[in-house]
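# Summary of the model geometry
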Amino acid sequence: MDLNLNRADYLQVGVTSQKTMKLLPASRYRATQKVVVGDHDGVVMCFGMKKGEAVTVFKTLPGQKIARLELGGVLNTPQEKIFIAAGSEIRGFTKRGKQFLSFETNLTESIKAMHISGSDLFLSASYIYNHYCDCKDQHYYLSGDKINDVICLPVERVLHDVPVLACQDRVLRVLQGSDVMYEIEVPGPPTVLALHNGNGGDSGEDLLFGTSDGKLGLIQITTSKPIHKWEIRNEKKRGGILCIDSFDIVGDGVKDLLVGRDDGMVEVYSFDNANEPVLRFDQALSESVTSIQGGCVGKDGYDEIVVSTYSGWVTGLTTEPIHKESGPGEELKINQEMQNKISSLRSELEHLQYKVLQEREKYQQSSQSSKAKSAVPSFSVNDKFTLNKDDASYSLILEVQTAIDNVLIQSDVPIDLLDVDKNSAVVSFSSCDSESNDNFLLATYRCQANTTRLELKIRSIEGQYGTLQAYVTPRIQPKTCQVRQYLIKPLSLHQRTHFIDHDRPMNTLTLTGQFSFAELHSWVVFCLPEVPEKPPAGECVTFYFQNTFLDTQLESTYRKGEGVFKSDNISTISILKDVLSKEATKRKINLNISYEINEVSVKHTLKLIHPKLEYQLLLAKKVQLIDALKELQVHEGNTNFLIPEYRCILEEADHLQEEYKKQPAHLERLYG
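Residues numbered from 1 in each chain as written. Predicted model: local features only at pLDDT ≥ 70, side-chain atom pairs only at ≥ 80, totals over all residues. Heavy atoms only, no water.

## A word on the overall build of the protein
The line we're drawing: Runs of E in the DSSP output that reach at least two residues are strands. Runs of H or I that reach at least four are helices, and both are numbered from the N terminus. For the radius of gyration, the atoms used are the C-alpha atoms, and the globule rule reads 2.2 Å times the number of residues raised to 0.38. Residue contacts are counted whenever heavy atoms from the two residues lie within 4.5 Å of one another. The Shrake-Rupley method, run with a 1.4 Å probe sphere, supplies the accessible areas, and residue values consider only the shown protein chains as cover.
Scanning the protein from terminus to terminus reveals nine helices and 43 strands. Over its C-alpha trace the protein gives a radius of gyration of 28 Å, about what one expects of a compact globule, namely 26 Å for 672 residues. Its C-alpha atoms give the protein principal-axis dimensions of about 85 × 75 × 75 Å. Pairs at least 24 residues apart make up 56% of the contacts formed inside the protein by residues separated by at least 6 positions. Surface accessibility of the protein: about 33800 Å² in total, with carbon and sulfur atoms responsible for 50%.

Take a look at the structure:
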């Protein structure tokens, strides 16, 4: 069965964070539900739909930015109490909007994630996890890397608290009290957790996770060990996953999986007989999807998927057909409804135009008065700078709450800008004088009207490090701009991994000297991506990395006064030696550096590079032949006279040119 869903935009609030929109439980089966949403202005708004109009149930006053919104209540009753996390405070509201709870947690960091189960409250700030029961502190855990989400298996089914933390270092940590029971390695940095079917599946132990590189999986969390059920690799190279919900939208009695991604993709997966997920429906929205829910909002009896987006739009994808089948009497009624709607929209538009004029005059007067302070409008930018494993390039995603006018990219290190298919912006390069002012790249992206999200792809060179800057100018008056900075690290193409191949021939770099654990950790943070800012707990730490470009590996182990770095690529060791000795010299620390070079490793690394070189050379040769072969084809009228190899090149011409375009300077990189 094909799924047809029609889009309906309900209303717009302020900018929203991940997981800040929920549907309140329905009063009866398939009756319309109220939507509650919290935004960066600190406003909680609850509304319902009546005759196609959004009707507000309640709206709170502005305050601190809302980071999470969850529903709670007594276990085994409808969960209709609204809880929000703002700053370090938790507030609770009834479904009518009356505040019944204000709980100041006194956490030193802002709350990033929250889960509620009965009278238990599970919170996490960047690195700290806390468990409260009836607002009394129960358990505490300090994580080695940033916590992105927290969830607890359903207490009514597994009969004790099993909190799970999704941590940035590609690990899910399963807790018991204040201790880690075990860790589960997942294929990417997990950004969101959800209970399978909303209740933990058949066993109550099934947990869904989504990662920032777009992978999705299901794990059963048993008391002794995890059982991996299934995993969906991100074959279509879509965005990272921000939200997950379970709801039967297909209508076959089995709950489907609803997924929202940061590139605006909404997906529906239904389950086949073998309980494997199959993609049933997808639709692209123009900005990232921060929350997703299944339910019924627009009209009684019509199920829909409700999403909230980064700039605050609450939108429904509904099963309600747009064109209703109707008799002659019905048509008059529909026409009348349309007329009413058009006239109400006209009057609203006139009112808004009048308001804009008033505000403009007010602004002119205030900016010209002698006591005028410059009023620069503020706007929020949502950005993400991540390394893609597949093609060893960085993705820079910039999302603004209003339309982007232009983005200027400046870099003080040599980088290549790669083509992005989804990108409709016009790019122009300015010539740079890299000797006198450290500019290696100046590029301007001019966006088309109504573009709120821009995606760029960048490839860096290992050993060359510095800063990439993006100047973002939106289409608002008066003109204003925000600068965002991104560090390009010395070993920028390395990515954290859980394990490495210990049988490879390795070169070793050993540092000893009068330095502390924290100092050496700060140098490792400076050199390598994906290392937590805070020094990990304990005396000694080991990190494993993989080079996404060449597939070589690096193992770093260090403690106070000693650091050991092993890699099968001698270039990696050489870059580390240069950068670490520079950093130590800056701090006037005396370093003793020794290394063991393994001759076999050079051969081994060349073997890794060889097939890539061969492939790129062949690709370049084929692309050079295309024009000549096309000319022959025009002269002869057909390609029957060519040898199969050349015929194949002509058939794949577009694909080959596309790939060649995507890989500028790839050969030079490999030579390097």
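Right, picking up where we left off after that structure.
## Some points on helix α4 (residues 517-527)
Our working definition: Note on exposure labels: buried denotes an accessible area under 20% of the residue type's maximum, exposed denotes more than 50%, and partly exposed covers the range between, all computed with a 1.4 Å probe on protein chains only.
Looking only at α4, the buried set comprises Phe517, Leu520, His521, Trp523, Val524, Val525 and Cys527. Turning to α4, the residues buried within the fold contact β39 (507-513), β40 (540-547), β41 (553-559), β42 (562-567), α5 (570-586) and β43 (591-596).

## Structural notes on the UniProt feature "domain: BBS7 beta-propeller" (unreviewed entry) in the protein
To be explicit about the condition: UniProt positions are given in the numbering used here, feature names are shortened, and annotations may be inferred rather than shown by experiment.
Under the local residue numbering, the UniProt record ascribes the feature "domain: BBS7 beta-propeller" (unreviewed entry) to residues 21-319. Helix makes up 1% of residues 21-319 and strand makes up 55%, while its end C-alpha atoms are separated by 20 Å.

## As for the environment of Lys566
With respect to the helices and strands, the residue Lys566 is situated in strand β42. With a relative accessible area of 32%, Lys566 lands in the partly exposed category. Once the C-alpha coordinates of Lys566 and Thr510 are considered, the two residues, 56 residues apart in sequence, prove to be 8.7 Å apart.

## Some points on the nonpolar core
Going by this rule: Residues belong to a common nonpolar core when they are buried Ala, Val, Leu, Ile, Met, Phe, Trp, Tyr or Cys residues joined through side-chain atoms within 4.5 Å.
In terms of nonpolar packing, the biggest core is built from 33 residues, with Leu396, Leu398, Val407, Ile409, Tyr445, Leu454 and Leu468 touching the most fellow members. Top contributing element to this core by residue count: strand β30 (residues 393-400), with four residues. Residues within four places of Leu468 in sequence aside, it is in contact with Phe385, Leu396, Ile409, Gln410, Ser411, Ile415, Ile458, Arg484, Gln485, Tyr486 and Ile488. By size, the runner-up hydrophobic cluster in this structure holds 26 residues, among which are Cys527, Leu528, Phe565 and Val579.

## Details of the environment of Gln469
The following threshold applies: Counted as a polar contact is a pair of N or O atoms within 3.5 Å, where, for protein atoms, one must be capable of donating a hydrogen and the other of accepting one, and residues adjacent in sequence contribute only when both atoms are in side chains.
Along the polypeptide, Gln469 turns up in strand β36 (residues 466-474). With a relative accessible area of 15%, Gln469 lands in the buried category. With 59 residues separating them in the primary sequence, Gln469 and Gln410 have C-alpha atoms 5.2 Å apart. Once you skip the residues sitting within four places of it in the chain, Gln469 turns out to touch Leu408, Ile409, Gln410, Val483, Arg484 and Gln485. A polar contact of 2.6 Å, which involves the side chain of Gln469, links it to the side chain of Gln485.

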